[in-house]
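Commentary on secondary and tertiary structure
Letter by letter, the chains look like this.
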Amino acid sequence: MHQQSMKHVVITQPGGPEQLAIEATAIPIPQADEVLVKVHAFGLNRPDILQRQGLYPMPKDVTPIPGLEVAGEVVAVGAAVSKYQIGDKVCGLTNGGGYAEYCVVPETQLLSIPDTVSYVQAAAIPETFFTVWANVFDMGQAKAGETVLVHGGSSGIGTTALMLCKAMGMRTFATVGSDEKVAAIQSLTTAINYKTQDFEAVIKQETDQAGVDVILDIVGAPYLEANLNLLRRNGRLVYIAFLGGAKAKEVKLGQIMMKRLTITGSTMRARNTAEKAEIAQALQQHVLPLWAKGECLPMIYKTFAFADIQDAHRAMDTGDHVGKVVVEVIPAH
């Protein structure tokens, strides 16, 4: 590889999409346990938006270049890397730096891309599938035969959770914010427009008052009471965001005790390398075979060219997207 510099996205100052610019910098050199990926495509995620707005504090020693997931080909490997070699097609959960022509990724956070999966599809996999697996199946302990409620069902995380739950033999419900989004995901789940329907009442009616076993929530405080009401005995409420508010004023502790409920949550970025490696291994074992068969592939809302990164962020900012927004660094032939 003779090229010395690469293009990458910078956040010139906190604010809107207009604060994103493309500059040149040196290509990163992989550490012993890292792989250098020539990026063909990368996915956009909610933390990228928060980072652009100055609302997502960066961990120490992490590149300021945004971007948490990439897909591409391996062009260099660190001295301790054994699983991947130059030329392999991979997608991976980065520790930052994905909005670039090249990105270093820890070997343990990579997944092989099946031949049947495109770079655009693969770029939409890591952040959402790592997050869903960790929260719904690991922390939430969702099992075949159970019922799962996903708030924000039309998002990248939401559609991923619904697809995986369906593939794993679970019944699902989802809340979304428009009738168009209801229509977009109705093949995956029972979708409820929370603006025109009372999701708690609908789910109780649909389940003969039984409720659900697991809830994946991105809304937070405003939904807490309804969530607790809907959970069955031994139910699990898992938070991955709190877009509607971080502080709940009242909590019915008696309900938590009587029903033996578990309330938990997590962020992906705060997990250490070993934790991310465990999630990657679980995906390799349980989900990669599904992708190879063309199942559970991410829903792609729109793709943008690298030069149009501002427009890609605007598409996220509208909240109209169903599924993932992806940027192609190297257009598919």
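Residues numbered from 1 in each chain as written. Predicted model: local features only at pLDDT ≥ 70, side-chain atom pairs only at ≥ 80, totals over all residues. Heavy atoms only, no water.

**Concerning the UniProt feature "domain: Enoyl reductase (ER)" (unreviewed entry) in the chain**
Where we set the bar: UniProt positions are given in the numbering used here, feature names are shortened, and annotations may be inferred rather than shown by experiment. Starting at the N terminus, helices and strands are each numbered in turn, a helix being any DSSP run of H or I of at least four residues and a strand any DSSP run of E of at least two.
Within the UniProt annotation, "domain: Enoyl reductase (ER)" (unreviewed entry) is assigned to residues 15-327. Helix makes up 30% of residues 15-327 and strand makes up 27%, while its end C-alpha atoms are separated by 20 Å.

**A closer look at the sheet that holds strand E12 (residues 231-239)**
For clarity, the threshold we go by: Two strands qualify as a pair provided that DSSP identifies no fewer than 2 bridges between them. Only the stretch in contact is used when fitting a helix axis, every axis being a line fitted to C-alpha atoms; angles between N-to-C directions are given from 0 to 180 degrees. Contacts are residue-level and defined by heavy atoms, with any inter-residue pair within 4.5 Å sufficient.
Strand order in the open sheet made by the 6 strands is E10-E9-E8-E11-E12-E13, with parallel pairing throughout. Across the chains shown, the open sheet's two edge strands, defined by having one partner strand only, are strand E10 (190-193) and strand E13 (262-265). The average undirected angle you get between the axes of adjacent strands in this sheet is 15°. Pairing between strand E8 (residues 147-151) and strand E9 (residues 171-176): 5 bridges, direction parallel. Residue leucine 149 lies in a different strand from E9, and its bridge partner there is phenylalanine 173. Against the sheet, helix H3 (residues 126-139) touches strand E11 (212-217), E12 and E13, its axis set at about 160° to E13. Taken strand by strand, helix H6 (residues 199-206) contacts E8, E9, E10 and E11, and its axis lies near 160° from that of E9.

**Let's talk about the packing of aromatic side chains**
We apply this condition: Each Phe, Tyr or Trp ring (for Trp, its six-membered ring) is paired with any other whose centre lies within 6.5 Å, and the angle between the two planes then decides the class: stacked below 30 degrees, edge-to-face above 60, tilted in between. Working definition: with a 1.4 Å probe on protein chains only, accessible area under 20% of the residue-type maximum means buried, over 50% means exposed, and in between means partly exposed. Here, a charge over a ring is recorded when the distance from Lys NZ or Arg CZ to the ring centre is within 6 Å and its angle to the ring normal is within 35 degrees.
In the structure shown here, the tally under the stated rule is 5 aromatic pairs. Ring geometry for phenylalanine 129 against tryptophan 291: centres 5.1 Å apart, planes inclined by 85°, an arrangement best described as edge-to-face. Of this pair, phenylalanine 129 sits in helix H3 while tryptophan 291 sits in helix H10 (residues 288-292), placing them 162 residues apart in sequence. Exposure remark for tryptophan 291: the relative accessible area of 1% places this residue in the buried category. By the ring-pair criterion, three or more aromatic residues cluster together here, those being Phe42, Tyr99 and Phe306. The aromatic ring of tyrosine 119 is capped on one face by lysine 89, whose charged end is 5.3 Å from the ring centroid.

**Overview of the pairing of strand E3 (residues 34-43)**
In terms of residue burial, E3 counts as a mostly covered element, since 9 of its 10 residues are buried. Judged from the 5 bridges that link them, E3 and strand E6 (residues 102-106) form a sheet pairing that is antiparallel. If you follow leucine 36 over to E6, its bridge partner there is valine 104. As paired elements, E3 and strand E4 (residues 69-77) share 7 bridges and run antiparallel to each other. Residue pairing in the sheet places valine 39 in a bridge with glycine 72 of E4.

**Comments concerning the pattern of salt bridges**
The following threshold applies: Basic side-chain nitrogens of Lys or Arg form a salt bridge, by our definition, when they fall within 4 Å of a carboxyl oxygen of Asp or Glu.
This model, assessed by the stated rule, comprises 9 salt bridges. Among the ionic pairs, arginine 236 bridges to glutamate 146, the shortest N-O distance being 2.8 Å. Placement of arginine 236 in strand E12 and of glutamate 146 in the loop between H3 and E8 is noted, with a sequence separation of 90 residues between them. As far as the burial class goes, arginine 236 and glutamate 146 line up, both buried. Bridged by salt links that share partners, the residues Lys143, Glu146 and Arg236 form one connected network.

**Describing the layout of surface pockets**
Counted only if it meets this: Using only the protein atoms, space was sampled on a 1 Å grid; points where a 1.4 Å probe fits but cannot get out form cavities, open sets with protein on both sides within 12 Å along at least five of seven lines form pockets, and lining residues are those with an atom within 4 Å of a point. Grid points are joined across faces, edges and corners, and a volume is the space filled by probe spheres set on the points. Amino acids are sorted into nonpolar (Ala, Val, Leu, Ile, Met, Phe, Trp, Tyr, Cys and Pro), charged (Asp, Glu, Lys and Arg) and polar (every other residue, Gly among them). Domain borders in the structure are assigned automatically or taken from a domain database.
In this structure, the largest pocket spans a volume of roughly 1,200 Å³. Lining the largest pocket are 48 residues, with Arg46, Ile218, Ile240, Ala241 and Leu243 sitting closest to its centre. Secondary structure elements with two or more residues in the lining of the largest pocket: helix H1 (46-52), H3, helix H4 (156-167), E9 and helix H11 (309-318). When residues in the lining of the largest pocket are grouped by element, the largest group, 4 residues, is from H3. Here the residues of the lining of the largest pocket are counted per class, giving 20 nonpolar, 20 polar and 8 charged. The residues that make up the lining of the largest pocket include at least three from each of domain 1 (5-127 + 269-328) and domain 2 (140-265). Volume-wise, the second largest pocket comes out at about 250 Å³. Elements with a minimum of two residues in the lining of the second largest pocket: strand E2 (20-26) and E6. If one sorts the elements of the lining of the second largest pocket by residue count, E6 sits on top with 4 residues. Taken together, the residues of the lining of the second largest pocket sort by class into 9 nonpolar, 5 polar and 2 charged.

**Let's talk about the nonpolar core**
Going by this rule: Among buried residues, those of type Ala, Val, Leu, Ile, Met, Phe, Trp, Tyr and Cys that are joined through side-chain atoms within 4.5 Å constitute a nonpolar core.
In terms of nonpolar packing, the biggest core is built from 51 residues, with Phe130, Phe137, Leu164, Leu283 and Trp291 touching the most fellow members. Considering every element that reaches this core, the biggest residue donor is H3, with 7 residues. For this core, the domains that each give at least three residues are domain 1 (5-127 + 269-328) and domain 2 (140-265). Setting aside chain neighbours within four positions, we find leucine 283 in contact with Leu111, Phe129, Phe130, Trp133 and Leu288.

**Overview of the state of the cysteines**
Which entries qualify depends on this criterion: Disulfides are defined as cysteine sulfur pairs within 2.5 Å.
This model, assessed by the stated rule, comprises 0 disulfides. Free of any disulfide, cysteine 103 has its nearest neighbouring cysteine sulfur in cysteine 91, separated by 12 Å. The exposure class assigned to cysteine 103 is buried, which follows from its relative accessible area of 2%. Free cysteine cysteine 296: the closest other cysteine sulfur is in cysteine 165, separated by 9.5 Å. Its relative accessible area of 10% is what places cysteine 296 among the buried residues.

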